[in-house]
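What the coordinates show
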Amino acid sequence: MISGRLRDTKLIVNLGAIRHNIQEQQKQLAPNSKIFAVVKANAYGNGLVPVAQTAIGAGAAGTCVAILDEALELRDNGITKLILVLGITPVENAHVAAEAGVSLTVGSLDWLEDYHQLAIANHWTKPLKVHLGIDSGMGRIGFTTVENFNEAVEFVREHREFEFEGMFTHFATADSADESYFNKQVNRWEQFVNSLNELPPFVHMANSATGMWHQEKITANTVRMGISMYGQNPSGRELAATLDLKPVEQLVTSISFVKKLKAGESVSYGATYTA
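Calculation criteria
Numbering of residues starts from 1 in every chain and runs along the sequence as written. Note on the predicted model: pLDDT of at least 70 is required for a residue's local features to be given, and 80 or more for side-chain atom pairs to be given and counted; whole-chain, interface and lining totals, by contrast, use all residues. With hydrogens and water stripped out, all remaining heavy atoms of the structure feed into the side-chain values. For our purposes a nonpolar core is just a set of buried Ala, Val, Leu, Ile, Met, Phe, Trp, Tyr and Cys residues, chained together by side-chain atoms within 4.5 Å. Accessibility here uses a 1.4 Å probe with only protein chains present; expressed as a share of the type maximum, an area under 20% marks a residue as buried, one over 50% as exposed, and anything in between as partly exposed. Pairs of residues are marked as contacts when any of their non-hydrogen atoms sit within 4.5 Å. Between Lys or Arg on one side and Asp or Glu on the other, a salt bridge is scored when a side-chain nitrogen of the former is within 4 Å of a carboxyl oxygen of the latter. Only DSSP runs of H or I with at least four residues qualify as helices, and only runs of E with at least two residues qualify as strands; both kinds are numbered from the N terminus onward. Here, strands pair whenever DSSP counts at least two bridges between them. For helices, the fitted axis covers only the stretch in contact; all axes are lines through C-alpha atoms, and the angles between them, taken along N-to-C directions, range from 0 to 180 degrees.

Attention now moves to the nonpolar core. Residues V39, Y115, L128 and M229 are the most contacted members of the largest nonpolar core, which totals 72 residues. With residues up to four places along the chain from it excluded, the contact list for M229 reads A17, I18, N21, I22, A37, V38, V39, V51, A55 and V248. A61, C64, L82 and L84 belong to the second largest nonpolar core, which has eight residues in total.

The next point concerns the pattern of salt bridges. Pairs can form between side chains of opposite charge whenever their charged atoms are close. Counting across every chain of the model gives two salt bridges. In this structure, E24 and K27 form a salt bridge, with 2.8 Å as the shortest nitrogen-oxygen distance. Of this pair, E24 and K27 both sit in helix α1 (residues 15-28), separated by three residues, roughly a single helical turn. Of the residues examined, K27 reaches a relative accessible area of 64% and is grouped as exposed.

Now for the sheet that holds strand β2 (residues 34-38). With parallel pairing, the eight strands of this closed barrel are ordered in space as β2-β3-β4-β5-β6-β7-β8-β9. Between one strand axis and the next, the sheet turns by 30° as a mean value, whatever way the strands run. As paired strands, strand β5 (residues 103-106) and strand β6 (residues 128-134) are joined by three bridges and run parallel to one another. Paired with V106 across the two strands is L132, which belongs to β6.

Rendered as structure tokens:
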């Protein structure tokens, strides 16, 4: 990556706004509810380590990243609280997460069985913390049937190579005024939750939108704060924000060139603007 050291454009990140937004969300949650700060993709471009440190300082119980490398960078910079990798990690690299105490998302029994065999063959003794993903209708990572999910839970609990730390799902339309598909996903999620006699320590189904508009339907103890932590309304203009959010980013620049055009003259590729 080439840094533009001599450019007039600057991205100013207000870490105080991160703290404020987390605290605003915490006020609306049930007692003892926890928040995971989503800091994937370099904290949405705002700086992985400083944003994670600020979020933890504001009371976040842990952080969520996209890939294992991001988790390891946080560990290397002194973040000791829970770090969950939301993407699927190649099974052959999972022992690195176990050694670093990083939690991994798992969405299939095959993955668990493969890791179990690798752990035995290589004499890995440190348990791997796993969060079982549930596809309640997002169409991405996760178990799609209660039966397969329960098989995975049983497998994790039977083998000392694993620690069943969490379970979660993700919503496709929680930021929409039309709640029909959201409610369908909630009902599906509850089938998975109700199938267990004992839940793991972290149960998270609420993203930013769910945490803002559907607090009464949160059947979990943890909210993943993503875009709302950065002061943005996940619904755009469709739904009014229910939190007093402060924008985190400010892009400051200067005009580099001014040119006068005559009527009828066009600008740029495709002549996208005509005076």
